[in-house]
Amino acid sequence: MEALRQDDPRRFGPYTVLARFRETASAVRYLARDTDGDGRVVVTAARPELAALPAFRRRFQAEARTAERLSGGWVQPPLAGPEDDGLWTAAAYVPALTLAEAIALAGPLPERAVRILGAGLAETLSRVHATGAVLQGLAPGTVLLAEDGPRLTAFGPLGGAAGAEAREGGQLSVRLGYLTPEQVEGEAAGTPSDLFVLGLLLAYAATGTTPFADGPADGAAERIAHASAELDSVPDALRGLIAGCLAKDPADRPGAGAVAAELALEGAAGLARGGWLPEPVATAVTDQAARVRALDAAAEAGAETGAGTAAGTAGAGTTAPAGTAGAGVRQSDPATAQLALPRALPAPASATPEPPHAPASPAPGPWHAPAASPAQGAPHAPASGLPPAQAPAAARQPYAYPYPAAPAALPQQLPAGPSPAPPAAPAPGRRGLLTAVAAGAAGLVVGGGAVLALGSDDQAAATDDKPSAAPRPTVPGRAPEPRWTYTHPATAPVPLTAGVWRDELLVLTGTDRATALDLRTGRARWTSKDAAGAQKVLAAGDGLCFLAGPAEFLWLSSKDGRVEHRVRYADQFTDVPGMKVGPLTGLTGNVLWFTGSHTVTVKAPKPKKGEKPGKDTQVAKAYLFAYDLVRREEVWRTAVPAGRDGTPAYRLTAVRDADVVLAQDAATLTAADAKAAKGKALFRCFDRASGKPLWNRQFGSVSPTAAVLGDEEGRLYAAVGSGLQAFETATGKPVWTLAGPEGSVFGTPVLAGKLLHTANRAQEVGAVEAATGRLAWRRSTEVPLGGNAPALTLSTGGGTLLAADSTQVTAFATADGRRLWKFQDIGAQEPKGATVSAPYRVLAAGKTVVVRRERAFYAFPVA
């Protein structure tokens, strides 16, 4: 950190700037506090000399949208942004060092720390690659090491660039800090390119240097393309994986999901529990947090006495344009001057201290590209705009307290090849860009109104305004190519339900219509406005789709959606006038179970002589119905307690030969019923043939909101505390208990033969023997902690278990728990489209599973 300079902005929207925090080739990061002073944030603001370029503005905004879509886990969620076209973003401050700072301070990381670092980055890459996009943002300066795990701060080639500058004709030159073998050969970067860079990063973290550093700079490209990686210093347990990432042929590199699984099967968050940073790094992170707290307190005190950092205070000159970083000579303000006092940190014995400031042009390091030629400009020139020799020392040193230099044996730059010659006036096309890369150029130039391609026109489309249309090969850890995709029209309401009809149709219901898609092609087969507002589709005999609407039952033709039969509640259930049907309980064979209620008037008792007559009261009467969908007639009904709003909702817990077990949804319990239950769920059992109530029972301390499932063997499985318990339904006695992580909660399990598949909020998916509770296998979805337990779906063939949550869908092999692949769509792809935060849901249909996220549907092949 360092004090604010004279021309640095003092405010960004609701945030008051406290200090300069870090600098990148394209932006300056400021430490700031929000208006009410309750939170500290990091504001990333574009450099003003670049912000005027249309190509830069488009790329900056595109990468900001990518960060928003990836938010969560190891990506800090964006906070309030500019209301206009200002080029800045804000995210919550997390105490952390960059990987480069950590290596300089403490040397190579221990193997466990490298595993956590790599798993966290691979988990994020997997989310990016699920769309076919390429990140191109990994570098030692863009990866943070925080107390609870790594963080990624760059979401495209601009954020991860080693240099960026404006050139004649409105062009933008961006230099990456690395090359991959395919780029050396003149090919565009693809998702395997991110894995190559991840391999470089992990080798750097494990050894303090890069595996291609040995040799002259002018042979760098040749070594990357053809030489073997030097991995002798990499720990044995990591060497094979890193070597796989550094394979010359992109097709030979593992997928991001496979890398994450191999590094940390329980996920980076799970492996990082209990601490993961080396002591010097952890101390530096704690020290940084203390400095920020002190700075915040000083700023607050200064604000109270009129000596804060707002624009217009003494010593604060003209403010920079809104939404961009300042570029003037540094002049300290009272509240931040304290940052100029260096505070020494313990250095490793092998490190050589360096002066409090760095030279104007950084010495070649493991991830620095060569200094730019005069024609190209100096990408790391001081923000003051002065020539390097004249720039103030503090303006060239982004951190007030000096980190020790890396050990002398570690440097040698990560090769990036010689600087390119100045381009011709028109912006080069794809062929020209690839030729430049093949020649060893690290700088790629675009201009005019073109999208910042950075090596591939297709790549720019995938990371900017449009999703990639290129087919994705099946590789380990990555979802297979969808058989089809479908997006519900933006002009129509979001579908209320989605259901599969006989492995032939996917039927979507909404407030305006029902739409049926052919499961083979994903194309719409028919729509029906008659079924507007209907519940989930069910099969009802040959060629008929059953839908329960607000006022009637409908049977639609599966071929064209025409109404074949219609039964209005008022016509068939004449003794239940005004019946309101609740959520359908379940279907077995042709018999549907559902609840309905109506309001009746209870006459006041006749008053005694001399008393005033009482008032009549309105009460709800509710019933559980069994209904034959083929014969279209009621089988039986039985009275049940009314729900909070009249109609109770029941969950179908178990269906046996002779009876059915139900549990009432906690949200529909009346206040009196909830009080009488004393915080425990009440289960009801009914005779399947007659509807006669057989018993009402509570099981242990199972709560009304607990996930529950019953089986045909007479067992009930329920989440209790942080564990999962099995009970005998006949006696209520517990059979076995499966312990879960402390503080976690199990979700609804899924039965598959003799195995019970489970999931909990610790993002663990597993399988136990249903009869004994003995663990068969347990795996992590790699999703960061904090959400609900994943929802489980078993493929029709039984070979694949899918776990869906708000972050992704993860597929496991049911036999042994192998993680097969995971899928994420990272939300809306339109340039200004809203980020989709709806959870994923999965429907099984034959050899296909349909993944839904709000309006988007994807059909994947499964076993």
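Quick note: structure is the one above.
Quick look at the structure, then. (Residues numbered from 1 in each chain as written. Predicted model: local features only at pLDDT ≥ 70, side-chain atom pairs only at ≥ 80, totals over all residues. Heavy atoms only, no water.)

**Structural notes on the pairing of strand β33 (residues 723-728)**
By the criterion of burial, β33 is predominantly enclosed, with five of the six residues buried. Taken together, the six bridges between strand β32 (residues 715-720) and β33 define a ladder with antiparallel strand orientation. Across the sheet, A718 pairs through a bridge with Q725, a residue of β33. Where β33 and strand β34 (residues 734-738) come together, four bridges link them in antiparallel fashion. When the sheet's bridge partners are listed, F727 is paired in β34 with P734. Connecting the antiparallel pair β33 and β34 is a turn made up of five residues, with G732 showing a positive phi of about 80 degrees. (Buried < 20%, exposed > 50% of the residue type's maximum accessible area, 1.4 Å probe, protein only. Helix = DSSP H or I, 4+ residues; strand = E, 2+ residues; numbered from the N terminus. Pairing = 2+ DSSP bridges.)

**Overview of a negative patch on the surface**
A contiguous patch of negative charge on the surface is contributed by E185, E187, E222, D249 and D252. Mapped onto the elements of the fold, E222 is located in helix α7 (residues 220-226). (Patch = residues over 30% accessible without salt bridge, like charges linked within 9 Å, V, L, I, M, F, W, Y side chains within 5 Å. Areas by Shrake-Rupley, 256 points an atom, 1.4 Å probe, with all protein chains shown as cover. Salt bridge = Lys/Arg side-chain N within 4 Å of Asp/Glu carboxyl O. Lys, Arg positive; Asp, Glu negative; His and termini not counted. Charge placed at Lys NZ, Arg CZ, Asp CG, Glu CD.)

**Points about the pattern of salt bridges**
A complete count under the given rule lists 29 salt bridges for this structure. Here R5 ties to E2 by a salt bridge, and the two come within 3.4 Å at their closest N and O atoms. Here R5 falls in the buried class, since its relative accessible area comes to 1%. Here the salt bridges share partners, and the residues they tie into one network are E2, R5, D8, R20, E23 and R47.

**Here's the deal with the packing of helix α4 (residues 111-129) against helix α6 (residues 191-207)**
Viewed as axis vectors pointing N to C, α4 and α6 meet at an angle of 165 degrees, and their least axial separation amounts to 10 Å. Here α4 lies roughly antiparallel to α6, going by the angle between them. Between α4 and α6 the crossing geometry is right-handed. In this structure, α4 contributes V114, L117, G118, L121, A122, L125 and H129 to the contact, and α6 contributes T191, D194, L195, L198, L201, L202, A205 and A206. Within the contact of α4 with α6, the residues separate by chemical class into 11 nonpolar, three polar and one charged. (Axes fitted to C-alpha atoms, helices over the stretch in contact; angles between N-to-C directions. Parallel < 35°, antiparallel > 145°, perpendicular 65-115°, else oblique. Left-handed = near helix turned anticlockwise from the far one by under 90°. Contact = heavy atoms within 4.5 Å. Nonpolar A, V, L, I, M, F, W, Y, C, P; charged D, E, K, R; others polar.)

**Quick look at the pairing of strand β39 (residues 791-794)**
The sheet contact formed by β39 and strand β40 (residues 800-804) spans four bridges and is antiparallel. Within β40, the position partnered with T793 by the bridge is L802.

**Considering the environment of S228**
In this fold, S228 is placed in the loop between α7 and α8 (236-245). Look at S228 and you get exposed, because its relative accessible area is 67%. Sequence-wise, S228 and A243 are 15 residues apart; in three dimensions their C-alpha atoms are separated by 9.3 Å. Look past the residues within four positions of S228 in its chain and what remains in contact with it is P211 and F212.

**Remarks on the nonpolar core**
Counting 66 residues, the largest nonpolar core has L99, L109, L117, L138, L145 and L198 as its most contacted members. Counting residues in hydrophobic clusters, the runner-up holds 20 residues, among them L538, W555, V576 and Y627. (Core = buried A, V, L, I, M, F, W, Y, C linked by side-chain atoms within 4.5 Å.)

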